[in-house]
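What follows is the residue order along each chain.
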Amino acid sequence: MKVDKNKVVTLTYTLHLNDEKGEVIQTVDEQRPFVHLFGAGTLLPAFEENMNGLNPGDSFSFKLTADDGYGNPTDEMIIELEKKIFEIDGKIDEEMVAIGKTITMQDQNGNPLDGKVLAIKDDSIIMDFNHPLAGENLFFTGKILDVRDASDEEMSHGHVHGEGGHHH
């Protein structure tokens, strides 16, 4: 069975910056493989394009430019927020809200969004919500371990259930 839309794909991979000799950013091995519902719109489209049509046992190796990956950093993603929104019981946790720290917040739709603290002013905090890999070229190597049909429930929920997936 080939990797395609509405297939549950189990794979391993190593993510490098730039090329196969670049810094290793992430390794996913057979002990804890990546299990994903392909075509659900939650992966980088260019990543899925490079996986499409592969079979269990196939190895892969490909580069994604910054444009095909997480894009380039933009000034619009650097936001100044009122300091009071970081207060808990009238105080700010200075270990959590410190320059260089990443804080998970929510966008206007309630989706999680990670931001890095760039500066702390008297009444505001400046945060960078660009993806940490924005502006980077990415290089993936790996292997397809398994491909199966997604269940109707997995397709309606948009994610994998069971081992390696989501549990309700």
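In short, a report on the structure. As the structure is a computational prediction, the values presented were derived from the model and not from experiment.

Regarding the sheet that holds strand β10 (residues 124–128)
Neighbouring strands of a sheet are bound in pairs by backbone hydrogen bonds; such pairs are parallel or else antiparallel. Reading across the sheet, the 4 strands line up as β5-β10-β9-β8 and stay open at both edges, with antiparallel pairing between neighbours. Across the chains shown, the open sheet's two edge strands, defined by having one partner strand only, are β5 (78–82) and β8 (102–106). Each neighbouring strand pair of the sheet contributes to a mean axis angle of 45 degrees, computed without reference to strand direction. Across 4 bridges, strand β9 (residues 112–120) lies against β10 in antiparallel orientation. Note on β10: the bridge partner recorded for Lys116 is Asp128.

Re the environment of Glu153
Looking at the secondary structure, you find Glu153 in helix α2 (residues 152–157). The class for Glu153 is partly exposed, based on a relative accessible area of 45%. Taking the C-alpha atoms as reference points, Glu153 and Lys21, separated by 132 residues in sequence, lie 41 Å from one another.

Regarding the packing of aromatic side chains
Applying the stated criterion across every chain yields a total of 7 aromatic pairs. Between Tyr13 and Phe47, the ring centres sit 6.5 Å apart and the planes meet at 70 degrees, which makes this aromatic pair edge-to-face. Placement of Tyr13 in strand β1 (residues 7–17) and of Phe47 in helix α1 (residues 45–51) is noted, with a sequence separation of 34 residues between them. What makes Phe47 buried here is its relative accessible area of 5%. With a centroid separation of 5.8 Å and an interplanar angle of 35 degrees, the aromatic rings of Phe60 and Phe62 are classed as tilted. Judged by its relative accessible area of 7%, Phe60 is buried. By the ring-pair criterion, three or more aromatic residues cluster together here, those being Tyr13, Phe34, Phe47, Phe60, Phe62 and Phe140.

Describing unusual backbone geometry
At Asn18, a position not held by glycine, the phi torsion is positive, near 70 degrees. Relative to the helices and strands, Asn18 is located in the loop between β1 and β2 (24–28). At Asp89, a residue that is not glycine, the phi angle is positive and equals roughly 55 degrees. Residue placement: Asp89 occurs in the loop between β6 (87–88) and β7 (91–92).

Let's talk about the side chain of Ser124
Mapped onto the secondary structure, Ser124 falls in strand β10. Classification of Ser124 as buried rests on a relative accessible area of 8%. In terms of polar contacts, Ser124 uses its side chain to reach the side chain of Glu80, at 2.6 Å. Contacts of Ser124, omitting those with residues within four sequence positions, involve Glu80, Leu81, Glu82, Lys83 and Ala119.

Let's talk about the nonpolar core
Core analysis: the largest hydrophobic core is formed by 22 residues, its most contacted members being Phe47, Met51, Phe60, Phe140 and Ile144. Put simply, the parts of the chain that give this core at least two residues each are β1, α1, β4 (59–64) and β11 (138–149). If one sorts the elements of this core by residue count, β1 sits on top with 5 residues. Ignoring any residue separated from it by four or fewer positions in sequence, one finds Phe140 in contact with Tyr13, Thr14, Leu15, Phe47, Phe60, Ser61, Phe62 and Leu64. By size, the runner-up hydrophobic cluster in this structure holds 9 residues, among which are Phe86, Val97, Met105 and Met127.

Reading the values: rules and limits
- Residues numbered from 1 in each chain as written.
- Predicted model: local features only at pLDDT ≥ 70, side-chain atom pairs only at ≥ 80, totals over all residues.
- Heavy atoms only, no water.
- Pairing = 2+ DSSP bridges.
- Helix = DSSP H or I, 4+ residues; strand = E, 2+ residues; numbered from the N terminus.
- Axes fitted to C-alpha atoms, helices over the stretch in contact; angles between N-to-C directions.
- Buried < 20%, exposed > 50% of the residue type's maximum accessible area, 1.4 Å probe, protein only.
- Phe/Tyr/Trp six-rings, centres within 6.5 Å; stacked < 30°, edge-to-face > 60°.
- Polar contact = N/O pair within 3.5 Å; in protein donor to acceptor, adjacent residues only side chain to side chain.
- Contact = heavy atoms within 4.5 Å.
- Core = buried A, V, L, I, M, F, W, Y, C linked by side-chain atoms within 4.5 Å.

Coordinates in, geometry out; function isn't part of it.
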